[in-house]
Amino acid sequence: MFGEKIKLIREMRGFSQENVAAKLGIAQTAYSRIETNQTRLDSTMLVKLADVLGVSPMDILSNQPAIINLQSNKGTQQSFGYVETYMSGQKELYEKMLASKDEEIARLSKLIEKLVAKK
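Right, let's walk through the structure included here. (Residues numbered from 1 in each chain as written. Predicted model: local features only at pLDDT ≥ 70, side-chain atom pairs only at ≥ 80, totals over all residues. Heavy atoms only, no water.)

Quick word on the nonpolar core
Counting residues in each nonpolar core, the largest one holds 15 residues, and the members touching the most others are Ile6, Val20, Leu24, Tyr31, Leu49, Leu53 and Ile60. For this core, the elements supplying multiple residues, two or more each, are helix H1 (3–13), helix H2 (17–24), helix H3 (28–35) and helix H4 (43–53). With 6 residues, the single largest contributor to this core is H4. If we skip the residues at most four places from it in the chain, Ile60 touches Phe2, Lys5, Ile6, Ile9, Leu46, Leu49, Ala50 and Val55. (Core = buried A, V, L, I, M, F, W, Y, C linked by side-chain atoms within 4.5 Å. Buried < 20%, exposed > 50% of the residue type's maximum accessible area, 1.4 Å probe, protein only. Helix = DSSP H or I, 4+ residues; strand = E, 2+ residues; numbered from the N terminus. Contact = heavy atoms within 4.5 Å.)

Structure follows, in structure tokens:
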């Protein structure tokens, strides 16, 4: 669930998967599995990853957008591009989170119906 947010933060920083994986001391393929939610983050890796990405662990775990310092040496126009990209990514992330919430509600409703029917 946090993989897309991690990917967005990484891209906002301009880091490649290879770069982040190297800083974490893992293979790029292992890092890719984090971003695609195929691997769960343990607390140690979460703290390391947050440090590498320059955010707090709560920025990754929270449903709120991560606050990223977008200082750029390339001028204000470059920063605006980053902000636009970031906001677009956040919108996509929220839409996916809402869709997964709806799916989970539907799944739980069916489970409740089955449990009630058994009584």
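Structural notes on the environment of Leu61
Mapped onto the fold, Leu61 is located in helix H5 (residues 57–61). For the pair Leu61 and Phe2, spaced 59 residues apart in the sequence, the C-alpha separation amounts to 6.7 Å. Leaving out residues up to four positions away in the same chain, Leu61 has contacts with Phe2 and Leu46.

Section: the pattern of salt bridges
The tally for this structure, following the rule as stated, stands at 3 salt bridges. A salt bridge links Arg107 to Glu104, with the shortest nitrogen-to-oxygen separation between them at 2.7 Å. Separated by 3 residues within a single helix, Arg107 and Glu104 lie in helix H6 (residues 76–118), roughly one turn from each other. Taking the relative accessible area as the measure of exposure, Arg107 reaches 46% and is therefore partly exposed. For Glu104, a relative accessible area of 34% gives the class partly exposed. (Salt bridge = Lys/Arg side-chain N within 4 Å of Asp/Glu carboxyl O.)

Describing the packing of H1 against H3
Viewed as axis vectors pointing N to C, H1 and H3 meet at an angle of 120°, and their least axial separation amounts to 7 Å. Contacts from Gly3, Glu4, Ile6, Lys7 and Arg10 in H1 reach Tyr31, Ile34 and Glu35 in H3. Considering only residue class, the contact of H1 with H3 consists of 3 nonpolar, 1 polar and 4 charged. (Axes fitted to C-alpha atoms, helices over the stretch in contact; angles between N-to-C directions. Nonpolar A, V, L, I, M, F, W, Y, C, P; charged D, E, K, R; others polar.)

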